[in-house]
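One-letter residues, chain by chain:
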Amino acid sequence: MTSYVPDAIDRQIIDLLHDDGRASNRAIGRQLDLSEAAIRKRLKRLTDHGLITYGLLIDVSATNMQVFGWMYVEVHPAHLGTAYKAIAGMDRCSGCAMKTGAYNLIAHMYAKDQRAMTATIEDIYRIAGVARVTFRQVNKYPAHRHEFIVDTSEHEFRSWHGNVVHADQG
């Protein structure tokens with residue numbers, strides 16, 4: 001599959017879907033002055049190239065999961081891949097990533113109550129190579145939005161929404 005770079009219209013479509021993921025092709029077409037077929041074709045291309053996917057986002061605070069937040073885990077580098085797979089595979093993990101720094105793994109975790117979260121932390125400590133675990137609880141997610149970066153250059157880049165962000169100097 002060849003790589004595909006979204007153009008300005010694709011970015012507008014993605015922006016509209018960010019605002020209303022259930023918007024119809026016809027409604028998007030009306031806003032962009034394009035036919036429903038043109039929108040359908042662009043959405044297929046964006047989907048085929050893996051630039052968008054469809055799913056459901058649920059505010060964890062609206063469920064019976066009353067404890068949720070970020071788990072910071074320090075793992076010996078030799079065990080990082082195994083620990084990542086183990087934590088990402090946990091039922092209570094909704095996202096996991098390897099990162100730089102002392103805490104080289106971060107995971108978004110949720111649980112029914114504090115007792116269940118404590119049990120999860122204990123399970124993480126049983127994973128080979130785990131040296132330290134810190135949990136930072138979040139009370140509520142008021143909004144959930146990912147902004148992707150495009151048009152990178154050495155000193156600045158632009159978000160989907162046109163905001164220019166300058167790289168730190170020095």
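Now for a quick tour of the structure. Because the structure is predicted, anything quoted here is derived from the model rather than measured. (Residues numbered from 1 in each chain as written. Predicted model: local features only at pLDDT ≥ 70, side-chain atom pairs only at ≥ 80, totals over all residues. Heavy atoms only, no water.)

A few words now on the nonpolar core. Judged by nonpolar contacts, the single largest core of 21 residues is most densely connected at Met71, Val73, Ile87, Leu105, Met109 and Ile124. Elements represented by at least two residues in this core include exactly strand S1 (67-75), helix H4 (80-88), strand S2 (93-98), strand S3 (105-111), helix H5 (114-125) and strand S4 (130-138). For Ile124, the residues in contact, after removing those within four places along its chain, are Met71, Val73, Ile87, Met90, Met109, Val130 and Val133. Counting 11 residues, the second largest nonpolar core, distinct from the first, contains Ile13, Leu16, Ile28 and Leu32. (Core = buried A, V, L, I, M, F, W, Y, C linked by side-chain atoms within 4.5 Å. Buried < 20%, exposed > 50% of the residue type's maximum accessible area, 1.4 Å probe, protein only. Helix = DSSP H or I, 4+ residues; strand = E, 2+ residues; numbered from the N terminus. Contact = heavy atoms within 4.5 Å.)

Take the side chain of Asp10 next. Topologically, Asp10 is positioned in helix H1 (residues 8-19). Only 2.8 Å separates the side chain of Asp10 from the side chain of Arg42, close enough to count as a polar contact. If we skip the residues at most four places from it in the chain, Asp10 touches Tyr4, Arg42, Arg45 and Leu46. (Polar contact = N/O pair within 3.5 Å; in protein donor to acceptor, adjacent residues only side chain to side chain.)

Assignment of secondary structure puts Gln114 in helix H5. Gln114 sits in the partly exposed class, given a relative accessible area of 43%. For the pair Gln114 and Met65, spaced 49 residues apart in sequence, the C-alpha to C-alpha distance is 9.9 Å. Excluding residues that lie within four positions of it along the chain, Gln114 makes contacts with Val67 and Gln137.

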